[in-house]
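Each chain, letter by letter, is given below.
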Amino acid sequence: MTIKKLSANKVFAGWHKQYSHQSKVLNCNMRFAVYLPPQVEKGQKVPVLYWLSGLTCTDENFMQKAGAQGIAAELGVALVVPDTSPRGEDVADDEGYDLGQGAGFYLNATQTPWDAHYHMYDYIVSELPELIEANFPVTDKRAIAGHSMGGLGALVIALRNPERYTSVSAFSPISNPMNCPWGQKAFSAYLGDDKQQWSNYDASELMRKATQFVPALVDQGEADDFLTEQLKPELLVAAGKASGYPLELNLHPGYDHSYYFIASFIEQHLRFHATHLS
């Protein structure tokens, strides 16, 4: 799989780089970012934390705003950040910010016209890690994290593939998309009317039925404008209690849905993952 380097910036003695490649899974050209910590230049292979961003975001939001590189450099963890959806003139889109390009929801679409490109689940689980492990000095130890729509994606992917990830974390995840407007709009478009298909991409539904566990950390701001209508963390907590899932959920007064919140607590998440990656 050929990758093309788009940019490179040295940061905290490591390197932040952007690449593009032709994705067979998504049938379009994709972009991703990678932070390689300084241990790599000393000949070490390092584990990887995959970060999934939220609605309207690209790979750049997390890399530019979260302030994660310094801690990743200390811990010796690579960061890999894909885009949030397929992109391109021939890729289906929608006028709303919460559907189409920028809003892939990390699922495999089954409905026309979305099924031609929108297979972000397969891309994150299979194609992207294969590409990363073939082209960069990393180990096969992986953790996964994300924010909002990406928090949902990270939880779903870890819950469905517990053997592939050492740990999972999320900021402000869409905890029960089957029962919120964002999820219902996206699932109806991408998956049709089959609620069984919907449940395959619902973190609360999956956690409630889980029998294999991946340590999970979730942080949620109590001043988040989307808390009550869209995010519903209390339903994720209830699902975790039902299955005995090792979920830690922390509520933070005054914090909202922005990257100010993520930057405030990203260090705790990275140290959480490093403990399990090591």
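All of these numbers come straight from a predicted model, not from anything done at the bench.

*Asks:* Would you mind showing me how to read the pairing of strand β8 (residues 216-221) here?
*Replies:* Along a regular strand, successive side chains alternate from one face of the sheet to the other. By the criterion of burial, β8 is predominantly enclosed, with six of the six residues buried. In this structure, strand β7 (residues 168-171) lies alongside β8, joined through four bridges in parallel fashion. The partner of S169 across the bridge, within β8, is L217. In this structure, β8 lies alongside strand β9 (residues 247-252), joined through six bridges in parallel fashion.

*Asks:* I would appreciate a short explanation of helix α9 (residues 233-243) in the present structure.
*Replies:* For an α-helix, 3.6 residues make a turn, and residues three or four places apart therefore share a direction. Looking at α9, one finds that the buried residues are P233, L236, A239, G240 and S243. Buried residues in α9, looked at end-on, bunch into an arc of 115°, giving them a common side. Across from the buried face of α9, at angles greater than 90 degrees, the exposed residues are K241 and A242. Against α4 (149-160), α7 (203-209), β8, α8 (227-231) and β9 lie the buried residues of α9. Looking one or two residues beyond α9, the residue adopting positive phi is G244, at roughly 75°.

About the cut-offs
Residues numbered from 1 in each chain as written. Predicted model: local features only at pLDDT ≥ 70, side-chain atom pairs only at ≥ 80, totals over all residues. Heavy atoms only, no water. Buried < 20%, exposed > 50% of the residue type's maximum accessible area, 1.4 Å probe, protein only. Helix = DSSP H or I, 4+ residues; strand = E, 2+ residues; numbered from the N terminus. Pairing = 2+ DSSP bridges. Arc of directions from axis to C-beta. Contact = heavy atoms within 4.5 Å.

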